[in-house]
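# Reading the structure
Read off the chains here:
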Amino acid sequence: DAKTTQPNSMESNEEEPVHLPCNHSTISGTDYIHWYRQLPSQGPEYVIHGLTSNVNNRMASLAIAEDRKSSTLILHRATLRDAAVYYCILRRYTGTASKLTFGTGTRLQVTL
Amino acid sequence: NAGVTQTPKFQVLKTGQSMTLQCAQDMNHNSMYWYRQDPGMGLRLIYYSASEGTTDKGEVPNGYNVSRLNKREFSLRLESAAPSQTSVYFCASSEGGWRVANYGYTFGSGTRLTVV
């Protein structure tokens, strides 16, 4: 599975935008870029995913570089409830199933 | 709409005991997965089932068995529990088929297992 690289931790002030970076220089043309987050003591939660174009949903925006070797998850106004570990994952269909392989993610701290 | 339901939520086992973790989803998803998460670590895939009737090993399958009972249910069995299997176990489901990479996973809330 293609690897991703994320900072171990980031901090943000409440109500400020947050940009969480992810590098995936070995991405292949069929890999989708997925983002999940895990709040304390909970299971991971799907946030957003994309292939080539930028994507927006009610939770966040995903900005994908033109060469697809990096992406950025954007939280437009961080709240205390956004404090979580954020995982950037490449998902590829192999013909039988497409698995998610988790790294250690970025721990986001949000302060008042 | 319950999503993915895991039982039990907590369990303490003695070394050598066996148990089955249950998982059920009500979203008509084809694929189901079992992960474990050790303290301070990311999730690691134990087994997965791409569709009803099929199962395959993931990254850390040793010491576990699985059964895809039907489309809704995917169970994980520990035949002889060991302290190294102390972990939080998550079940997940997703759409399957040729478009499978274009869908997200839905995770359960986890089972916290302690083996003493």
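Up top you'll find the structure we're talking about.
It should be emphasised that the depicted structure is a prediction, and the values quoted were computed from it without experimental measurement.

## A closer look at the overall build of chain B
Assigned secondary structure in chain B consists of zero helices and 11 strands. Beginning at the N terminus, the succession of helices and strands in chain B can be written as β-β-β-β-β-β-β-β-β-β-β. Taken over the C-alpha trace, chain B has a radius of gyration of 14 Å; the compact-globule value for 116 residues is 13 Å, and the two agree within 12%. Viewed in the frame of its principal axes, chain B has a C-alpha envelope of about 40 × 25 × 25 Å. Here chain B, with 116 residues, has 47% of them falling under the buried criterion. Here the contacts in chain B between residues at least 6 apart in sequence split such that 56% fall between residues at least 24 apart. When the 11 positive and 8 negative side-chain charges of chain B are each reduced to one mean point, those points stand 5 Å apart.

## A short note on the nonpolar core
The biggest cluster of nonpolar side chains holds 21 residues, and the ones touching the most others in it are Leu20(A), Ile33(A), Trp35(A), Leu73(A), Leu75(A), Tyr86(A) and Leu108(A). Contributions of two or more residues to this core are made by strand 2 (18-23), strand 3 (32-38), strand 4 (45-50), strand 6 (61-64), strand 7 (70-75), strand 8 (84-91) and strand 9 (106-111) of chain A. If one sorts the elements of this core by residue count, strand 8 of chain A sits on top with four residues. Those residues within four positions of Leu73(A) in sequence are excluded, and the remaining contacts are Val18(A), His19(A), Leu20(A), Trp35(A), Val47(A), Ile48(A), Ala60(A), Ser61(A) and Tyr86(A). Leu13(B), Met19(B), Tyr64(B) and Leu76(B) belong to the second largest nonpolar core, which has 20 residues in total.

## With respect to the interface of chain A and chain B
If you look at the interface, chain A gives 22 residues, while chain B gives 24 residues. Buried surface at the junction of chain A and chain B, summed over both partners, amounts to about 1800 Å²; 56% is from carbon and sulfur atoms. Summed over the shared surface of chain A and chain B, the number is zero salt bridges. Summed over the shared surface of chain A and chain B, the result is six residue pairs in polar contact (both at pLDDT 80 or more). Within the residue set of the side of chain A that touches chain B, elements represented by two or more residues are strand 3, strand 4 and strand 8 of chain A.

Definitions and limits used
Residues numbered from 1 in each chain as written. Chains lettered and ligands numbered in written order. Predicted model: local features only at pLDDT ≥ 70, side-chain atom pairs only at ≥ 80, totals over all residues. Heavy atoms only, no water. Helix = DSSP H or I, 4+ residues; strand = E, 2+ residues; numbered from the N terminus. Rg over C-alpha atoms; globule rule 2.2 N^0.38 Å. Buried < 20%, exposed > 50% of the residue type's maximum accessible area, 1.4 Å probe, protein only. Contact = heavy atoms within 4.5 Å. Lys, Arg positive; Asp, Glu negative; His and termini not counted. Charge placed at Lys NZ, Arg CZ, Asp CG, Glu CD. Core = buried A, V, L, I, M, F, W, Y, C linked by side-chain atoms within 4.5 Å. Buried area = accessible area lost by both parts, 1.4 Å probe. Salt bridge = Lys/Arg side-chain N within 4 Å of Asp/Glu carboxyl O. Polar contact = N/O pair within 3.5 Å; in protein donor to acceptor, adjacent residues only side chain to side chain.

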